[in-house]
Amino acid sequence: MVYIDSAKNTLSAISQAALKAQAKIDEARKFKEGNRQNLRDRIVGDEGYKQNNAAYDKRIEDAQAEFATTAQKALEELHKQRVDSFTPRPRDVSPETMQFLSLIDLTQGEAAQLVREAKQKDGNYTLARMVYANANRQGIDMHDDAAGYIGRCEDALTTLAETCASMLEDESGAYAKAFGQVVANAAEDVSKASDAYMNSAGVTSEGVPVEA
């Protein structure tokens, strides 16, 4: 699995867990309203009302906790995939390619093309790093931009998880009404970050994307 697939899976896991928890919470809140009506109608006494309310509150707390656990696990799995996807490994580059990059002085245009091919065709982070190293030896200001990509994705997904948690605590319904747009925004942020990374040959030391 490549990092972008894991990011999309994380988004799906968080949003689905939020919907599941919200359904449980809505049901518990409905029961709480019924419990209040039963108290007003004297169908239940004060003690029964308190016991029922406590039970419904426990359902809400359990649903919120279940979401928090699922969201945290999803983010932890994404972090594991980050390590797997963005750790250079010698086995990911053939001896022939290693020899080629050690003997050939690449131009900026050639390096940019190879970096994009490494990202887009194979997801080969090790090869991209080797091309950056070759370019730097020629005095070309071209550096790895994976950290910025990872940061954009994980910021979007962390924000999604935090917003969903707020939704599950909100009784006004405002967050729930905006839920679809919140998820869509997170998906767009992840997609845009991936597109920018895949189409970029890296960044300069000043953080400016390499265009060549």
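See above for the structure.
If you're wondering where the values come from, they're calculated on a predicted model, not measured in any experiment.

1. Some words on the overall build of the protein
Turning to step 1, where the next piece is worked out: Along the protein, the regular secondary structure elements total eight helices and zero strands.
Turning to step 2, where the next piece is worked out: Listing every helix and strand of the protein by position from the N terminus yields α-α-α-α-α-α-α-α.
Turning to step 3, where the next piece is worked out: Relative to the 2.2 N^0.38 estimate, which gives 17 Å for 212 residues, the radius of gyration of the protein is 25 Å and therefore markedly larger than a compact globule would have.
Turning to step 4, where the next piece is worked out: Overall size of the protein, expressed as C-alpha extent along the three principal axes, is 90 × 30 × 25 Å.
Turning to step 5, where the next piece is worked out: Residues classed as buried in the protein amount to 38% of the 212 residues present.
Turning to step 6, where the next piece is worked out: Of the contacts formed within the protein by residues at least 6 apart in sequence, a portion of 77% connects residues at least 24 apart.

2. Overview of the layout of surface pockets
Rolled over the atoms, a probe sized like a water molecule indicates the empty space that remains.
Turning to step 1, where the next piece is worked out: Empty space within the largest pocket amounts to approximately 330 Å³.
Turning to step 2, where the next piece is worked out: Lining the largest pocket are 22 residues, with V2, S85, G123, N124 and Y125 positioned closest to its centre.
Turning to step 3, where the next piece is worked out: Elements with a contribution of two residues or more to the lining of the largest pocket: α1 (3–40), α2 (46–85), α4 (108–122), α5 (125–137) and α8 (179–199).
Turning to step 4, where the next piece is worked out: Broken down by class, the residue content of the lining of the largest pocket amounts to 10 nonpolar, six polar and six charged.

3. Re the nonpolar core
Soluble globular proteins tend to pack their nonpolar side chains together in the buried interior.
Turning to step 1, where the next piece is worked out: If you look at the biggest cluster of nonpolar residues, it comprises 36 residues, and the most contacted ones within it are I14, F67, F86 and Y149.
Turning to step 2, where the next piece is worked out: Of all the secondary-structure elements, those providing two or more residues to this core are α1, α2, α6 (146–169) and α8.
Turning to step 3, where the next piece is worked out: When residues of this core are assigned to their parent elements, the largest contribution, 11 residues, is made by α6.
Turning to step 4, where the next piece is worked out: Residues A111, A112, I140 and M142 belong to the second largest nonpolar core, which totals 16 residues.

4. Let's talk about the packing of aromatic side chains
Turning to step 1, where the next piece is worked out: In the structure shown here, the tally under the stated rule is seven aromatic pairs.
Turning to step 2, where the next piece is worked out: Between Y3 and Y149, the ring centres sit 5.6 Å apart and the planes meet at 75°, which makes this aromatic pair edge-to-face. Of the two residues, Y3 sits in helix α1 while Y149 sits in helix α6, which places them 146 residues apart along the sequence.
Turning to step 3, where the next piece is worked out: A relative accessible area of 4% places Y149 in the buried class.

Rules of the game
Throughout, a residue's number is its position along its own chain's written sequence, starting from 1. For a predicted model such as this one, the threshold for reporting local features is a pLDDT of at least 70, and the threshold for listing and counting side-chain atom pairs is 80 or more; totals across whole chains, interfaces and linings nevertheless cover every residue. Hydrogen atoms and water are omitted, and side-chain values are computed over all heavy atoms in the structure. Starting at the N terminus, helices and strands are each numbered in turn, a helix being any DSSP run of H or I of at least four residues and a strand any DSSP run of E of at least two. Only C-alpha atoms enter the radius of gyration, while the globule expectation follows 2.2 Å times N to the 0.38, with N the number of residues. Burial classes: relative accessible area under 20% of the type maximum marks a residue as buried, over 50% as exposed, and values in between as partly exposed (1.4 Å probe, protein chains only). What makes two residues a contact is simply this: any of their non-hydrogen atoms within 4.5 Å. As defined here, a cavity is a set of points on a 1 Å grid over the protein atoms alone where a 1.4 Å probe fits but cannot get out. A pocket is an open set with protein on both sides within 12 Å along at least five of seven lines, and residues line them when an atom is within 4 Å of a point. Grid points are joined across faces, edges and corners, and a volume is the space filled by probe spheres set on the points. Side-chain classes follow a simple rule in which Ala, Val, Leu, Ile, Met, Phe, Trp, Tyr, Cys and Pro form the nonpolar group, Asp, Glu, Lys and Arg form the charged group, and the remainder, Gly included, forms the polar group. We define a nonpolar core as any set of buried Ala, Val, Leu, Ile, Met, Phe, Trp, Tyr and Cys residues linked to one another through side-chain atoms lying within 4.5 Å. Here the aromatic set is Phe, Tyr and Trp, taking the six-membered ring for Trp, and pairing holds for ring centres within 6.5 Å; pairs whose planes are under 30 degrees apart are stacked, those over 60 apart are edge-to-face, and all others are tilted.

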